[in-house]
Amino acid sequence: MAVSFPNGLSHPQLLVLLADGRLRSGEWLAKELDVSRAAVWKGVGRLRALGIDVQALPRRGYRLASPVELLDGRRIGAELKAGRKAQLRKLELLFETDSTNSRLLAQAPPPPGLADVCSSELQHAGRGRRGRRWIAPFGAGLALSAAWTFGEGAATLAALSLGVGVAVARALGRAGAAGVMLKWPNDIWFEDRKMGGVLIELKAEAGGSAHVVIGLGLNVVLTAAARREIEAGGAPVASVADACSAAPSRNLVAGAILDELLGMLGEFERQGFAAFRDAWMALDALSGRRARVVLGSSVISGTARGVDAEGALLLETAEGMQRFVSGEASLRAIEGDT
Ligand code: BTN
């Protein structure tokens, strides 16, 4: 099915005019938008209320505190190989929403073999794993979700998040990032810091088919303020920019991820995790390192030994090899160990 790529016009036009970070006079903005200068001022207030840092310079005009590359369907679409475009039923680029995962979960699922994809500049209620919030300051990251229906006989989905991780790491390599790794089961990892995470939600299983929504949150380019905002909630984080020699393009990153994700979904449907296990093991950030697994109230220490054919974590402990399935266990490197 053909897909048309919106060109980003769903964004407030005032933001589009300010996106390059240049100083624009109130008069110029009013003329471009065909509104009064008071309306421009109101628009600035609305952007600020959304957490977008618009600076007002007395008698000179307005500018964004830092330029931003807004999501652009044409630029994202340019990264998709021909066959992959045909797998895309819908690509929705939004300015704001509560959560891209919630939005897709509320819609009718696509038929097997096709994906519905949604990405938004802002999420008011971005959701992480284990009931946590996902914080992504404006312009700093990528919030992208894909709805997909696995047909009858679909391979086990327990390891799907690992396949998603492989697709994301491959895409980031395409976008110029080096050294991106994965941390079992759902994290995109760089130099022992979290760069992104995957939240997979299963909507329904009827007659053997499984409808999933795969959500990816990724830090792409973090200003000092954005980094502070995210890190206020926990540990130091990484961004795609940290792994690149030149500033990465958000649209290129989004397009490459979408392309690799669509390719991965088709292959996962046919072959399951078997097609991705070797690639995942090569990207495993904790392989061979001392680690601890938290399982309810118990903590088990050992050496991380990758994953088995089902994507379960293998931990070599004093009592022998132990196996943990995702959803139940969480994994931490033991500090000071390399
Ligand atoms: C994690 O906790 O590491 C997973 C974070 C997943 C966040 C993404 S952002 C796009 C999608 N929409 C959401 O509400 N959550 C996921």
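Residues numbered from 1 in each chain as written. Predicted model: local features only at pLDDT ≥ 70, side-chain atom pairs only at ≥ 80, totals over all residues. Heavy atoms only, no water.

Draft legend 1. Broad picture of the overall build of the protein chain. When helices and strands are counted, the protein chain shows 10 helices and 14 strands. Computed over its C-alpha atoms, the radius of gyration of the protein chain comes to 21 Å, within 12% of the 20 Å expected for a compact globule of 338 residues. Every one of the 338 residues in the protein chain was classed for burial, and the buried ones make up 51%. Counting only contacts in the protein chain whose residues sit at least 6 apart along the sequence, the fraction spanning at least 24 positions is 67%. Of the side-chain charges in the protein chain, 40 are positive and 35 negative, and the distance between the mean point of each set is 6 Å. (Helix = DSSP H or I, 4+ residues; strand = E, 2+ residues; numbered from the N terminus. Rg over C-alpha atoms; globule rule 2.2 N^0.38 Å. Buried < 20%, exposed > 50% of the residue type's maximum accessible area, 1.4 Å probe, protein only. Contact = heavy atoms within 4.5 Å. Lys, Arg positive; Asp, Glu negative; His and termini not counted. Charge placed at Lys NZ, Arg CZ, Asp CG, Glu CD.)

Draft legend 2. Quick look at the site of the ligand. Every one of the 20 residues lining the ligand counts as a neighbour, but Ser-99, Gln-123, Arg-127, Arg-129 and Lys-194 are closest to it. With respect to the ligand, the side chain of Thr-100 contributes an N or O atom lying 3.1 Å from a nitrogen atom. Contact with the protein chains removes 98% of the 410 Å² of surface that the ligand exposes when unbound. Among the cavities detected, the one that contains the ligand is the largest pocket. Among the elements of the structure, helix H6 (100-105), strand S5 (141-150), strand S8 (193-206) and strand S9 (209-219) are those that each provide at least two residues to the shell around the ligand. (Near = heavy atom within 4 Å. Polar contact = N/O pair within 3.5 Å; in protein donor to acceptor, adjacent residues only side chain to side chain. Areas by Shrake-Rupley, 256 points an atom, 1.4 Å probe, with all protein chains shown as cover. 1 Å grid on protein atoms, 1.4 Å probe; cavity = no way out; pocket = protein on both sides within 12 Å on 5 of 7 lines; lining within 4 Å. Sits in = over half its atoms within 2 Å of the grid points.)

Draft legend 3. Representation of the side chain of Asn-186. Note that Asn-186 resides in the loop between strand S6 (181-183) and strand S7 (187-190). With relative accessibility at 7%, the residue Asn-186 sits in the buried group. A polar contact of 3.1 Å, which involves the side chain of Asn-186, links it to the side chain of Ser-161. A distance of 2.7 Å separates a polar atom in the side chain of Asn-186 from the backbone oxygen of Val-198. Setting aside anything within four residues of it in sequence, one finds Asn-186 in contact with Arg-129, Ser-161, Gly-196, Gly-197 and Val-198.

Draft legend 4. Looking closely at the confidence of the model for the protein chain. Chain-level statistics for the protein chain give a pLDDT mean of 91 and a share of 93% at 70 or above. Per-element mean pLDDT across the protein chain ranges from 80 in strand S14 (residues 329-333) up to 98 in helix H10 (residues 277-283). In this model, residues 1-9 is a region of pLDDT below 50 whose contacts with residues beyond four sequence positions or in other chains number 25 contacts. (pLDDT = per-residue confidence, 0-100.)

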